[in-house]
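Chain by chain, the residues:
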Amino acid sequence: MTYSDKYLKTILQRTKCVAVVGVSMNPVRPSYYVARYLNLKGYRVIPVNPGHAGKVLFGETVIASLSEVNAPVDMVDIFRRSEAVPPIVDEALQCFPDLKTIWMQIGVEHAEAAAKAEARGVDVIQNRCPKIEYQRLFGELRMGGFATGVISSKL
């Protein structure tokens, strides 16, 4: 899929609350550090994972399913295998009438589920990472793609 930078930037700027489906409690897992990054950037991150329900992550209680969310959600970020996407999209469309975006992580794609969401007026991003796109579009990536945080006297 090809998405314009303007389109991706618009999505990232309008989003305030993200439900992250499949989030891990393990800090070395991509779902953990992407959710943590989004939280640090000011997004409200609602962690969704039935295996960790009741635990607290980034100041929010982990919930088992999207149907338990009691806040307006702008984006559902999916960290699950592609074949697990359709019921997640169905639940998101049912639970959040004002949902703006379904975002499928790198390696996650499902054409039929995407078409269903798009038919309801929801923007869909597939096979991309919001952390990487945020860093790229808002000037946080350095040469080589890393935000090293190292101060150097080299020009």
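These figures come from a predicted structure and were not determined experimentally. (Residues numbered from 1 in each chain as written. Predicted model: local features only at pLDDT ≥ 70, side-chain atom pairs only at ≥ 80, totals over all residues. Heavy atoms only, no water.)

**Some words on the overall build of the protein**
Then step 1. Across its full length, the protein carries five helices and seven strands.
Then step 2. Its helices and strands in sequence order give the protein the pattern α-β-α-β-β-β-β-α-β-α-β-α, from N to C terminus.
Then step 3. The C-alpha atoms of the protein give a radius of gyration of 16 Å, which matches the 15 Å a tight globule of 155 residues would have.
Then step 4. Burial analysis of the protein (155 residues in total) assigns 47% to the buried set.
Then step 5. Sequence-distant contacts in the protein: of pairs separated by 6 or more residues, those separated by 24 or more amount to 63%.
Then step 6. Carbon and sulfur atoms make up 53% of the accessible area of the protein, which amounts to about 8,500 Å² in all. (Helix = DSSP H or I, 4+ residues; strand = E, 2+ residues; numbered from the N terminus. Rg over C-alpha atoms; globule rule 2.2 N^0.38 Å. Buried < 20%, exposed > 50% of the residue type's maximum accessible area, 1.4 Å probe, protein only. Contact = heavy atoms within 4.5 Å. Areas by Shrake-Rupley, 256 points an atom, 1.4 Å probe, with all protein chains shown as cover.)

**Focus on the sheet that holds strand β6 (residues 101-104)**
Then step 1. In space, the five strands of this open sheet follow the order β2-β1-β5-β6-β7, with parallel pairing throughout. Taken across any chain shown, the strands that pair with only one partner, and hence form the sheet edges, are β2 (44-48) and β7 (123-125). Here the strands of the sheet are splayed against their neighbours by 20° on average, with no regard to which way each runs.
Then step 2. Where helix α1 (residues 5-14) meets the sheet, its contacts fall on β5 (75-78), β6 and β7, and the angle it forms with β7 comes to roughly 110°. (Pairing = 2+ DSSP bridges. Axes fitted to C-alpha atoms, helices over the stretch in contact; angles between N-to-C directions.)

**Quick word on the pattern of salt bridges**
Pairs may arise between side chains of opposite charge once their charged atoms sit close together.
Then step 1. Inspection of the entire model under this criterion finds eight salt bridges.
Then step 2. As a salt-bridge pair, Arg136 and Asp5 come within 2.9 Å of each other at their nearest N and O atoms. A residue pair is termed long-range when its members are at least 10 positions apart, and Arg136 in helix α5 (residues 130-137) and Asp5 in helix α1 qualify at 131 residues.
Then step 3. The class of Arg136 is partly exposed, set by a relative accessible area of 35%. (Salt bridge = Lys/Arg side-chain N within 4 Å of Asp/Glu carboxyl O.)

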